[in-house]
Amino acid sequence: MSVRHLHLWVEVFVVEMQDPKSGVKGADQKLNVTIIPHVINGQDILAWIVTKMKVTTEEAQAFGTMLVAYGYIYPLQNHRTLVLVPDSTLYRFQTPYFWPVQKWPAEDIDYAVYLARRNIRKKGMLEPYEQQHYDNLHKWMNPKWDFIVMQATEQANKERKKPDRVVLDCQERAYWIVHRPPRRTHSAMDYGLDRLIDPNAEEVTGEYCANIFFTQALMRSAVKSSVSLTAFVKYVTTHHNHDPFLTTPVPSNPWITDSDEFWQLNSRSVDIPTKLSVERWVLSFWELISDPRGRVDFKLFLKKEHSAENMAFYEAAEEMRWGAASAIPEKSQFIFNTFLKPGAPRWINIDGRTMGLTVKGLVVPHRYVLDAAQTHIFLLMKKDTFYRYLKSPVHKDMQKRALVPSPHVFTDAQLEANVKNRNPGVSPILLWQQEEEEKAAAAVAARPIDVKAMVATNKLDRK
């Protein structure tokens, strides 16, 4: 039996357990001061499984524990113990919306909203493992945390009867205990639906994928087709000459002719780029800085305008965002001392509110702590510096010097010769090492000069 068929069978079995006539008998039960409807106990569950499946007590208890571990049944009192206790311990059937067979993805943002709502209701008195998850999510999702708290507050203030509120809280807690268990706690979902590959699964057809696509498309906000088509036509018209599928690459397509001249002309370390590359820089600021050669040219312009610190800060923020986690404290301290600290050697000009939030966030640094300041600098360069660059002598000189390669016209004999003389190419590892060395050299060159240390060194030399 495949995994999918097994869970479908379990679903049918649980539905049969809830049958009012032949299922497990439930009753209203008082929990603390609240009456909870349709409560069952572990002893009745065990007896029903033994009778229905005609198995031993040990086998029935193991099967009942599996139902609890996967979240089909949840305990009302000891939430962290996901086993079936064959006594008067109280349980309830989980709502089908939270069953594993639904494959509802357990997203971090949903868990953050749940913990924030629970934190509001409990007035900060979360369980230790929940508090740890709450702190980690707050650190990781700091840019989105205001939105998360707003959602949690709106859900917490929704009016519900007290029994319904208690039941919903138990259902959600049971779901997150299964999908976000405490540390050193076994989770059945480690071996669940999303962790296994079903060899008996049917092949997904194109018609099925199309149905999913159109269903998701209908759920999006409506946009006039004329607006979408106009934007699409504009984009294709603008990028037509830069798309190798629509326009033949010049001098030739290296995958067809086995000539690597096209790659050499468009490599990162080329001294003079092609005219087509320079024309692409004009399309948008993002196209300019996405091209390594275009970024070098833009840095040269910034240096002449005495505003090179903007691009340096943007690159430092990118390195911190995508770099190793162990280097974040060191990089954040370097960025603060170089760009943000009052009197810093390469101090950046951003508004006071953004500066205050950024400096405050650097007390506990993380990958996204510089997002606000980086966005501010990016928009400043995009809306102001970029257009001055397009009118500058630096860009106009590059347009004049840009190469216009001639198209290749190879005969069959020349194509065969190209195949025999094919270059092995440069290893990506060597390119990466070369880039790292260049970055290190640039960082040393951009490091602020300690005048006092230089004076002390000169005095020692004189002695």
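In this text the structure is predicted, and so the values were computed from the model without any measurement. All residue numbers refer to position in the chain's written sequence, counted from 1. Residues qualify for local features only when their pLDDT is at least 70, as the model is predicted, and side-chain atom pairs are given and counted only at 80 or more; totals for whole chains, interfaces and linings, by contrast, use all residues. Side-chain descriptors were evaluated using all non-hydrogen atoms of the structure, hydrogens and water having been removed beforehand.

Colleague: Just to check I follow, could you spell out the pairing of strand β2 (residues 34-41) for this structure?
Modeller: Regular strands show a simple pattern: their side chains alternate between the two faces of the sheet. Following DSSP output, two strands are said to pair if at least two bridges run between them. Each helix is a run of H or I in the DSSP string that is no shorter than four residues. Each strand is a run of E no shorter than two, and both are numbered from the N terminus. Bridge analysis of strand β1 (residues 27-31) against β2 gives 4 bridges, and the strand direction is antiparallel. Within β2, the residue paired with Lys30 across the bridge is Ile35. Pairing geometry for β2 and strand β4 (residues 90-93), over 2 bridges, is antiparallel. What sits directly across from Asn41, in β4, is Leu90.

Colleague: How should I be thinking about empty space enclosed by the protein in this particular structure?
Modeller: Where empty space is left in the structure can be found by rolling a water-sized probe over the atoms. Within this scheme a cavity is a closed region of a 1 Å grid, computed over the protein atoms alone, that accommodates a 1.4 Å probe without allowing it to escape, whereas a pocket is open but has protein on both sides within 12 Å along at least five of seven lines; lining residues each have an atom within 4 Å of a point. Grid points are joined across faces, edges and corners, and a volume is the space filled by probe spheres set on the points. Under the criterion given, the structure shown has 3 cavities of 30 Å³ or more. Space inside the second largest cavity adds up to approximately 40 Å³. Residue lining of the second largest cavity: Tyr111, Tyr114, Tyr129, Glu130, Arg173, Trp176, Ile177 and Arg180, and that is the complete set. For the lining of the second largest cavity, the secondary-structure elements that each account for two or more residues are α4 (108-121), α5 (128-140) and α7 (162-179). When residues in the lining of the second largest cavity are grouped by element, the largest group, 3 residues, is from α7.

Colleague: It is not clear to me how the pattern of salt bridges should be interpreted in this structure. Could you clarify?
Modeller: Side chains carrying opposite charge are able to pair once their charged atoms draw close together. For salt bridges, the criterion is a side-chain nitrogen of Lys or Arg within 4 Å of an Asp or Glu carboxyl oxygen. Using the criterion set out here, one finds 9 salt bridges in the structure. Between Glu287 and Arg280 there is a salt bridge; the shortest N-O distance is 2.8 Å. Throughout this description, buried means an accessible area under 20% of the type-specific maximum (1.4 Å probe, protein chains only), exposed means over 50%, and partly exposed covers the range between. The class of Glu287 is buried, set by a relative accessible area of 16%.

Colleague: Honestly, the packing of helix α14 (residues 292-304) against helix α18 (residues 371-390) in this entry has me stumped. Any pointers?
Modeller: A pair of packed helices can be characterised by two numbers: the angle between their axes and the separation between those axes. Axis definition: a line fitted to C-alpha atoms, over the contacting stretch in the case of helices. Angles run 0 to 180 degrees between N-to-C directions. Where α14 contacts α18, the two axes come as close as 10 Å, and the packing angle between them is 90 degrees. On the basis of their axis angle, the class for α14 and α18 is roughly perpendicular. Residue-level inspection shows Asp297, Phe298, Phe301 and Leu302 of α14 in contact with α18, the latter providing Met381, Thr385, Phe386, Arg388 and Tyr389. Classifying every residue of the contact of α14 with α18 gives 6 nonpolar, 1 polar and 2 charged. The scheme is simple: roughly parallel for angles under 35 degrees, roughly antiparallel for over 145, roughly perpendicular for 65 to 115, oblique for anything else. Residue contacts are counted whenever heavy atoms from the two residues lie within 4.5 Å of one another. Each residue is assigned to one class: nonpolar for Ala, Val, Leu, Ile, Met, Phe, Trp, Tyr, Cys and Pro, charged for Asp, Glu, Lys and Arg, and polar for all the others, Gly among them.

Colleague: Looking at this structure, how should I read the environment of Asp110?
Modeller: Position of Asp110 among the secondary structure elements: in helix α4. For Asp110, a relative accessible area of 31% puts it in the partly exposed group. Sequence separation between Asp110 and Ala152 is 42 residues, and the spatial gap between their C-alpha atoms is 9.8 Å.

Colleague: Explanation requested: the packing of α4 against α5 in the structure shown.
Modeller: Relative to each other, α4 and α5 sit at 120 degrees, their axes nearing to 10 Å. Viewed along their axes, α4 and α5 adopt a mutual orientation that is oblique. Crossing hand, α4 versus α5: left-handed. Two secondary-structure elements touch here, α4 through Asp108, Tyr111, Ala112, Tyr114, Leu115, Ala116, Arg118 and Asn119 and α5 through Glu130, His133, Tyr134 and Leu137. Of the residues belonging to the contact of α4 with α5, the class tally is 7 nonpolar, 2 polar and 3 charged. In a left-handed crossing the near helix is turned counterclockwise from the far helix by less than a right angle, and in a right-handed crossing that turn is clockwise.

Colleague: It is not clear to me how the layout of surface pockets should be interpreted in this structure. Could you clarify?
Modeller: Of the pockets and cavities examined, the second largest pocket occupies roughly 710 Å³. Lining the second largest pocket are 30 residues, with Phe262, Asn266, Thr274, Leu276 and Ser277 sitting closest to its centre. Elements supplying a minimum of two residues to the lining of the second largest pocket: α11 (261-265), α12 (275-281), α13 (285-290) and α14. Partitioning the lining of the second largest pocket into residue classes produces 14 nonpolar, 9 polar and 7 charged.

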